[in-house]
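Architecture and fold: a report
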Amino acid sequence: MGYGNGSETIASVTSDPTSGRTPKRAAIVVFFVVFAGYVWTLAPAVTFWDAGEFLAAAKILGIPHPPGTPVFVFLANVWAKLVPIGEFALRVNLMTAVFSSATAALMFLVVFHGLRGVAQTERDVADPVFVYGGAGAAALVSAFAFTVWQNSNESEVYMVAAFSMAAIAWLAWLWRKHRGTSRAPHLLLVIVYLGAFSIGTHLMTLLVGPALVVFMWHVMMTEPLEGDKDRAVEWAQWAVVVGIWALLIGTGLGSTTLFVLGAVAFGGAAVFAIATGGWRFAVGVLAVAAVGVSTYLFLYIRAGLGPFINEADPSTWESLLAVIRREQYPPRLPIDNPIYPSGPGNPGRTLDLVALQIQNYLQYFDWQWSNGLAPTESVFARIRLPFTLAFTSLGIYGAMLLRERHRSVFWLLLIIFLTTGPGLVAYMNFKPGFSIGFDRFPDANMHEVRERDYFFTLSFQMWGIFAGIGIAGLYRVLREALLTNVGAGAAKLAPAVFALAALPFVLNFKAASRAHGPEALLARDFSYDLLQSIEPYGIVFTNGDNDTFPLWYAQEVESVRQDVIVVNLSLGNTDWYIRQLRDNPLRPFDPAQAPWFADVAPDEIPDSLHTMSDPEIAGLSAQLLPQAFRFTVGEIDHVYPQDTPLLIKDILILRLILENAGRRSIYFSTTAGSGNWVQLGSHLTQEGLALRLNVERPPDSTRLVTGLLGVPLDVPRTDSLAWQIYRYARLFEVDSLDLDPTNRNIATNLSLPFLSLGQAFDILGDRARALENFARSYHLSPSPELRSLIDMATSEEISPIPGDSPIQLERPPSGDTAGR
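Presented here is an overview of the structure given in this document. All values derive from a computational prediction rather than experimental measurement.

We now examine the side chain of histidine 610. In this fold, histidine 610 is placed in the loop between helix H25 (575–583) and helix H26 (614–618). For histidine 610, the side chain forms a polar contact with the main-chain oxygen of isoleucine 578, separated by 2.8 Å. Of note is the side chain of histidine 610, whose polar atom sits 3.1 Å from the backbone nitrogen of methionine 612. With near-sequence residues (within four places) excluded, histidine 610 lies in contact with Ile578, Leu581, Arg582, Ile617, Leu656 and Glu659.

Turning next to the pairing of strand E7 (residues 666–669). Of the two faces of E7, both are covered, the one formed by Ile666 and Phe668 as well as the one formed by Tyr667 and Ser669. By the bridge criterion, three bridges tie strand E1 (residues 539–542) to E7 in an arrangement that is parallel. Counterpart to valine 540 in the pairing with E7 is tyrosine 667. Where E7 meets strand E9 (residues 690–693), four bridges bridge the pair, whose relative direction is antiparallel. Within E9, the residue paired with serine 669 across the bridge is alanine 690.

Put simply, the second largest pocket is a space of about 750 Å³. Around the second largest pocket sit 37 residues that line it, and Glu535, Val600, Ser665, Arg692 and Arg717 are the ones nearest its centre. Put simply, the parts of the chain that give the lining of the second largest pocket at least two residues each are strand E8 (684–687), E9 and helix H28 (715–725). Here the lining of the second largest pocket takes four residues from H28, the largest share from any one element. The class makeup of the residues in the lining of the second largest pocket is 17 nonpolar, six polar and 14 charged.

A separate point is the environment of methionine 95. With respect to the helices and strands, methionine 95 occurs in helix H4 (residues 88–116). Among all residues touching methionine 95, those that are not within four sequence positions of it are Phe72, Leu75, Ala76 and Trp79.

This part covers the pattern of salt bridges. Here the structure, examined in full by the defined rule, presents 31 salt bridges. With its nearest N and O atoms 3.8 Å apart, the salt bridge here joins glutamate 327 to arginine 325. Across the pair arginine 561 and aspartate 563 runs a salt bridge, and its minimum N-O distance is 2.9 Å. Summarising the burial analysis for this pair, arginine 561 and aspartate 563 share the class buried. If you follow the salt bridges from partner to partner, you end up with Glu535, Glu687, Arg692 and Arg717 in one network.

In this structure, Leu413, Val567 and Ile657 are the most contacted members of the largest nonpolar core, which totals 249 residues. Broken down by element, the residue count for this core peaks at 18 residues, all from H4.

Turning our eyes to something else, we now look at the pairing of strand E4 (residues 629–633). As paired strands, E4 and strand E5 (residues 636–640) are joined by five bridges and run antiparallel to one another. Across the sheet, residue phenylalanine 629 finds its bridge partner in E5, namely tyrosine 640.

We now examine helix H27 (residues 648–660). With 13 residues, H27 ought to run about 18 Å at 1.5 Å a step, and its terminal C-alpha atoms sit 18 Å apart, in line with that. In terms of burial, H27 is a largely internal element, eleven of the 13 residues being buried. Listing the buried residues of H27 in full gives Ile648, Lys649, Asp650, Ile651, Leu652, Ile653, Leu654, Leu656, Ile657, Glu659 and Asn660. Two residues or fewer past H27, glycine 662 is found with a positive phi of approximately 85°.

The rules we used
Residues numbered from 1 in each chain as written. Predicted model: local features only at pLDDT ≥ 70, side-chain atom pairs only at ≥ 80, totals over all residues. Heavy atoms only, no water. Helix = DSSP H or I, 4+ residues; strand = E, 2+ residues; numbered from the N terminus. Polar contact = N/O pair within 3.5 Å; in protein donor to acceptor, adjacent residues only side chain to side chain. Contact = heavy atoms within 4.5 Å. Buried < 20%, exposed > 50% of the residue type's maximum accessible area, 1.4 Å probe, protein only. Pairing = 2+ DSSP bridges. 1 Å grid on protein atoms, 1.4 Å probe; cavity = no way out; pocket = protein on both sides within 12 Å on 5 of 7 lines; lining within 4 Å. Points joined across faces, edges and corners; volume = space filled by probe spheres on them. Nonpolar A, V, L, I, M, F, W, Y, C, P; charged D, E, K, R; others polar. Salt bridge = Lys/Arg side-chain N within 4 Å of Asp/Glu carboxyl O. Core = buried A, V, L, I, M, F, W, Y, C linked by side-chain atoms within 4.5 Å. Expected span 1.5 Å × (residues − 1).

So yeah, pure geometry; function would need other evidence.
Shown next, in the form of C-alpha cells:
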C-alpha cells in the first residue's frame, strides 16, 4: 500500500555514510550490560509511593490513580504471567528493568549513527573506537544516572514511557534512512501509533513530539529529496504528523480547547496531504492514532466490572473524561502560584518561586552523577560538586561534538532534553521542593510532599547521553595528542578514558540500589505490620500513599489480611470512593494468617461498611457546623462546637463509627496524624502501629500506661506486636541506619511502639525492659534526646523487674515471626 507518489526510488541522501549497517550485536551487548546492573540492584519486593498501587492494580486488573495507566497495568499483568521468576512484585520490577535496558540499547543506536556523522574524517572512519565507544559511553552514563536508575529497578511507569520515546527516536532515524521509499511513510505510521498507544502508559511520551517534528524538519531542509513531487509529499506527511501530534496532546490532556485546536491543525494538514495525493496517509495516521488511544476503553470496560481498586470509577463516559483530565487533583496552571488554589484570588507565579523551581531542578541534576557519595544530603552536597561540574562540562562538550557530527540528531536529543527538563519546570509549576525553600516558605503544606526528580527522568537521561559523547570527545583529543607527541604505541592507551563512563554506576550504586540496603523489604514488611495490628474485620484509617498503597499490595497481591478494611482519608473526600467502600465485597478472616486474633474473630463477616445511598453520598459537602453538634455512640459522647470545620472525610469517619459500633473494631494508623482523629483522641489507645478507638466500652485500665501524644498505651498488645509479630526488613541487621526521607519516615513510625513501650516500662519500674525498648527505638529513629535518656539510664544501677507488676504480657503462639 503506498502513501505518497508510489515511487520506489531511493533518494541520493540515503547513500551517505550513515546508511551503513546498524550495530545490532553491539546494541544487544549494551542491553545486557545495563540489564545486569539493574538486576543486581533490583528491588526484591514492593517499594513505597506508587509502586504498591501499580502492582496491586496490575495483579487484579484494577485501575490506579488518574489517568489510570491502562497500558502499564495490562503489560504488567501479562508479563507477570509469562515470566514465572520469583514473586509478583519481583517480576514486574524485572519488566521495568527490561524496558529501561531496551531504552539504553535504542539510544546507543541513535547515538552511534549520530557520531558516524555526515562529514566524517578519514581517521574517524578508521577508528571505530570513537563511534562505538562514544555510543556505549552515552548509553551507560544515561542508564545509570541516579533518577533513571531508581526508576528502572522498581515497578514504575516512567521507564516504560522512556522506552516509547527511545523507540520513536530510533524510528525517526530509520525514517531518515528510508526517505523516498514506500517504507518511510510506514515508519511514520508506526511512530504515530506508538505515540498514541503510549499515552496509556504516561503522557511523558508525547514530549518527544517537538523533537520528532524538528528532526524531520531539519532533515528535509538540509537533505531535500530530488523530485519536486517527492518533496511536496514529504512535507505533507510532516504536516500530518504535526497535526496528529497536536490532536494527541489535546486527547491525552482531555482538554477540549487543545483537542479542537489539534483537530483544526490535523484537518489543515490532511487537506495539504490530499492536494499532494497523500490522502491515504492522512487517513491511515488518523486510524492508527485512534486505535492507539483506544487503550483508554480498558478503563471504561473494566471499571464497569467493579474491580477492588477502581480509582475515580471511570465507568461512565463523563467519569472516564474526568479521569483523563485528572479532575481528582486540584488544577494548576503555569501562570498560577502553586501554593494557593487556582482561581481569581491566586496571586500568580512569582520570580522568587520560579527561582526556587529552577534551584529544585538543579538540585536534582546534582544527584545524577554521584549521589551515592552523600545519599542523605539532598541539597548540593559539597562532595558531589566536582563530579557534577565534570559531567556538566562533559555534557556541554558532548552536545557541541554531536552538533558538529550530525545536526539533525543533535536537535532531536537536545529538544527532548529541553522539553523534559526546563520545559517541564515551566509547565508543571511545582510548589517549592520537598527539601528546599523553608526559609521563605516555612509551612510544610507550601511544599511538595516528596521529591519530584522522577518527572525529569528523561531530561537527565538525555544529558547523560551528551556526557557520554563528551567522553568520546576526550578520547579523540587524547588520542590525537598521543599520536602527535608520543607515538602510535602510546595512543593505544587512549581508550582508557572511556572508564569515565562507569563513574555514575560506581558513584550512584549506594543510593540507587534497591536490593542491598537494610530497607529493601521495608515497604512489604511495614504493610504486613500495620495490617497485623488490626483485629479481624477491623477498619483502619490511613492518610497517604505510603501507608495505603503497600497495604493494597499486601492484600491484593500477597492476600495478607484481606478482611481488614483500609480507608484512605485522602480519597475520603470523593464520592466514588465512598460508594466503593459500601459496595466492595467483604472478605473472610483467615485464622492461619493471624492466630493471635483467632479467639476474637466474629463467627460471620459483618455487614456492609455503611448504608449511605448514592444521593446521600452525592449530597455530602464540607461545611462549618451551623450549630453545635452532639455525636453520641456507645461510650463516645462528644460535642462539636458551632463553626467547627468538617470535611467530607470527617463526616465519613463519623458515619463509619456510627454504623460499625459493636460490629467492627476501628483504628487510626499512627501515620494518619492527630488532625484526622475528628477530636476523638481521648477515646484512643495505642496498640502497636494502630490507635484503637474505644467505642463500645472503656479500655481495660489494667493493661494501660500513659503513652505518647496523650494516648494511653496497651502494653501487652503493643509488646506482643512489636517484639513477636512485626517484621522490620533488615533494619536491625546493621549497626546504624542511613535512610532516605521516605524510608526514614517509615522507620520512625516503626520506632514509636518501642518508644512508647520504653516509656511505659520506665513508669512501671522495669528499667531493663525500658532500656531494651529505648535502644530499639533509637536504632530505628536516632535522636539526641533519646540518646541522652539512654545514656543517663545506663549510667544508673538497673533495677530488677518488680514481681507485683499489674501488667501481664501476652505472647503469640510459637512459630510466629518472632524478632524478624
